[in-house]
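# Summary of structural features
Chain by chain, the residues:
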Amino acid sequence: MSNVLRAALLSLFGSLALGCASPGAPAPGPPARAAAPSPPADLVITAGVVRTMDPRSPRAEAVAVRGERIAFVGSAAGAKAFVGPATRVVELPGRAIVPGLVDGHAHLYGLGVALETPSVRGARSAEEAAAVVAEAAKTRPRGEWITGRGWDQNLWPGAAFPTHAPLDAAAPEHPVALRRVDGHALWANAAAMRAAGVGRGTHDPPGGRILRGAAGEPTGVFIDGAMALVEAKIPADPPAVRERRILRAAEEALSSGLTGVHEMGVDDETVAVYRALAAAGRLPIRVYAYLAGAGRLQGLRERAPDADATGTAMFVLRGVKLFADGALGSRGAALLEPYADEPSTSGLLLMDREALARAARLVADAGFQLAVHAIGDRANRAVLDAFEALGPGRAAALRFRVEHAQIVSPDDLPRFAALGVIASMQPTHATSDMPWAPARLGAHRLKGAYAWRSLLASGARVVFGSDFPVEEPSPLLGLYAAVTRQDLSGQPPGGWMPEERLDLDEALLAFTAAPAYAAWAEGQRGRIAPGYVADLTVLGRDLSPDRSLVDTPIEMVVVGGRVARAPRDRRAP
Ligand SMILES: [Zn+2]
């Protein structure tokens, strides 16, 4: 076991976790249990290996589940004692069981929206993106909004932002609004701008920018705070539509091997649908949700965070999500120095330092957990300052988090551990951004960028996620990016800034025990041990720290002892 892993376990579980760990030793198995197991287990799964993430017995062969919890972890022979006449026995030789994988920063509802809206992701030109919109326009009544996302002008010839013209040609009679792949810019057609009442006389709102032509007329691209000028005019979705999207996205998450997600920013209408689904037993994965905070902070005093003492709730709303800055791709990330490839700007702070400090205090006083999006080094510093200003130990006690923590000044890296602030990071962002991030930042600022190993080694708690639908939902892609820092074609050889690679167990921890800690469920979820909640991901083979991670099949998923996704050979085609 690496020193970094030991430190990470210690920070997530306290000193007990390492009590009798013996690095490198073969699995000793769990402590012997004197009494005969009674009553029998509901479910017994045997596999090639169980990666328990429990340092006392890191490897096992079988898991027995009674009700919602794990009753036994150990040898296949030992598990036989838990088999009764009604026990479901699943034998999966050669497969691997890991604690249920959790995406620590995702947009489940956003995935549901993305699944049923046209995707222009991967389009190689503005015209190619417009062609997707033209297809969608054929099936929708005139005047209905067409929304979508996924475009990235960096993939296009010239890499320039588009204008409204191709979308006007594709859908002249539908308002069209397409978010950039990072969600920080909006591309609209003329009909959308007309519907929104946006024109030459419209001023840039605070924290936003309208791209304009020579005569000051909007060209169709709205950055960050300016997106609301158009998006505020898009009609709201009814509950039935929200429910359909949540369930579709949850199925997608399950098939990616996830047993839970941290849902990063939802509105009250969506929360109500989540609560109804959870109450009816229809939510198949755990959702730990953060309220989209802007505009809801004042009302926070009148509400209380959800409690989940047993770790078994399917929906918990306990946090608030805010944005300190934008994204690197659209040069909205707030940097301490100007962009290397556009020296006239250093990005935008969406909330100034005073507003951040005020918000942090408000959220803390209401007893909620605050998660603040911070990409640039200026934003990260501003958020850490706001958390520090709460007073000694306060941010740590409330488990405040920084989302992305993407570009951090080396001076600020140790502050995550010192303040007890969780660094919530997305390994695939690094491998998606690496072709162009050096141009934005310049070589000197790459130190401290996407620096998950430096953060972990400093003693910070690092949670991993994907930020889907910005990236693909599969946590295996995140594990691969975390341990190789290579793209899917294996580039660059040896990995990008390879000193920031993790080993497999360190990366697994960030998708299991670390999100459990961030959701106040350590000791309940995040490892495979007796008494823990039976959230399990079963993989088609054991994991190894290379390209094979990416196409490792998801064999089976168990959530709270319930088989949420059956073994592959028993699944309907
Ligand atoms: Zn996000």
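Residues numbered from 1 in each chain as written. Predicted model: local features only at pLDDT ≥ 70, side-chain atom pairs only at ≥ 80, totals over all residues. Heavy atoms only, no water.

### Comments concerning the overall build of the protein
In terms of helices and strands, the protein carries 19 helices and 20 strands. Here the C-alpha coordinates of the protein stretch approximately 80 × 55 × 50 Å along the principal axes. A buried classification covers 57% of the 573 residues belonging to the protein. Sequence separation of 24 or more characterises 73% of the internal contacts of the protein that already satisfy a separation of 6 or more. Here the protein has roughly 21500 Å² of accessible surface; of this, 55% comes from carbon and sulfur atoms. Between the mean site of the 61 positive side-chain charges and the mean site of the 60 negative ones, the protein shows a separation of 3 Å. (Helix = DSSP H or I, 4+ residues; strand = E, 2+ residues; numbered from the N terminus. Buried < 20%, exposed > 50% of the residue type's maximum accessible area, 1.4 Å probe, protein only. Contact = heavy atoms within 4.5 Å. Areas by Shrake-Rupley, 256 points an atom, 1.4 Å probe, with all protein chains shown as cover. Lys, Arg positive; Asp, Glu negative; His and termini not counted. Charge placed at Lys NZ, Arg CZ, Asp CG, Glu CD.)

### Quick notes on the coordination of the zinc ion
Note on metal sites: the ideal angle is 109.5 degrees for four tetrahedral donors, and 90 or 180 degrees for six octahedral donors. Looking at the metal site, the zinc ion is ligated by His105 (NE2), His107 (NE2) and Asp467 (OD), spaced 2.1 to 2.2 Å from it. As a motif over one chain, the donors of the zinc ion read H-x1-H-x359-D. Placement of histidine 107 in the loop between β5 (101-106) and α3 (108-115) and of aspartate 467 in the loop between β17 (462-464) and α17 (475-484) is noted, with a sequence separation of 360 residues between them. Considered together, histidine 107 and aspartate 467 belong to a single accessibility category, that of buried residues. (Donors = N, O, S within 2.8 Å, 3.2 Å for Na, K, Ca; no water.)

### Points about the pattern of salt bridges
In total, this model carries 34 salt bridges according to the counting rule given. In this structure, the salt-bridge partner of glutamate 135 is lysine 138, at a minimum N-O distance of 2.8 Å. Highlighted residues: glutamate 135 and lysine 138, both in helix α4 (residues 126-138), separated by three residues, approximately one helical turn. A salt bridge links arginine 303 to aspartate 268; its shortest N-O distance comes to 3.0 Å. Residue arginine 303 is located in the loop between β12 (286-292) and β13 (315-323), and its partner aspartate 268 is located in helix α9 (residues 268-279); the two are separated by 35 residues in the primary sequence. Judged by relative accessible area, arginine 303 falls into the partly exposed class, the value being 29%. We classify aspartate 268 as partly exposed; its relative accessible area is 29%. Shared partners join several salt bridges into a network, and the residues in it are Arg353, Arg381, Asp385, Glu388, Asp412 and Arg415. (Salt bridge = Lys/Arg side-chain N within 4 Å of Asp/Glu carboxyl O.)

### Quick look at α3
For α3, every residue scored as buried is listed here: Leu108, Tyr109, Leu111 and Gly112. Angular distribution of buried residues about the axis of α3 spans 155°; they occupy a single face of the element. In the core, the buried residues of α3 are packed alongside β5, α8 (239-255), β11 (258-266), α9 and β12. (Arc of directions from axis to C-beta.)

### Things to note about α8
Taking 1.5 Å of rise per residue, the 17 residues of α8 would be expected to cover 24 Å, and the 24 Å separating its terminal C-alpha atoms lies within 8% of that figure. The complete set of buried residues in α8 reads Val241, Arg242, Arg245, Ile246, Ala249, Ala250, Ala253 and Leu254. Along its buried surface, α8 packs onto α3, β11, α9, β19 (554-559) and β20 (562-565). Among the residues trailing α8, glycine 257 stands out with phi positive, at a value near 95°. (Expected span 1.5 Å × (residues − 1).)

### Points about unusual backbone geometry
Negative phi values dominate among residues other than glycine, just as trans dominates among peptide bonds. Here the bond from phenylalanine 468 into proline 469 is cis, since omega is 10°, no more than 30 degrees from zero. Relative to the helices and strands, proline 469 is located in the loop between β17 and α17. For the bond from glutamine 491 to proline 492, the omega torsion is -15°, close enough to zero to count as cis. Position of proline 492 among the secondary structure elements: in the loop between α17 and α18 (504-511). Phi is positive for arginine 485, which is not a glycine, with a value near 50°.

### Remarks on the packing of α17 against α18
Where α17 meets α18, the closest approach of the two axes is 9 Å, and the angle between their N-to-C directions is 140°. Relative to α18, the element α17 lies oblique. By crossing handedness, the relation of α17 to α18 is classed as right-handed. Within the contact between the two elements, α17 uses Pro475, Gly478, Leu479, Ala482 and Val483 and α18 uses Leu504, Ala507, Leu508 and Phe511. A per-class count over the contact of α17 with α18 returns eight nonpolar, one polar and no charged. (Axes fitted to C-alpha atoms, helices over the stretch in contact; angles between N-to-C directions. Parallel < 35°, antiparallel > 145°, perpendicular 65-115°, else oblique. Left-handed = near helix turned anticlockwise from the far one by under 90°. Nonpolar A, V, L, I, M, F, W, Y, C, P; charged D, E, K, R; others polar.)

### Some words on the packing of α3 against α8
How two helices pack is summed up by the angle between their axes together with the distance between the axes. One can describe the packing of α3 onto α8 by two numbers: an axis separation of 7 Å at closest approach and a directional angle of 100°. Here α8 runs roughly perpendicular to α3, going by the angle between their axes. Within the contact between the two elements, α3 uses Leu108, Tyr109, Leu111, Gly112, Val113 and Leu115 and α8 uses Arg242, Arg245, Ile246, Arg248, Ala249, Ala250, Glu252 and Ala253. Each residue belonging to the contact of α3 with α8 can be placed in one class, and the counts come to nine nonpolar, one polar and four charged.

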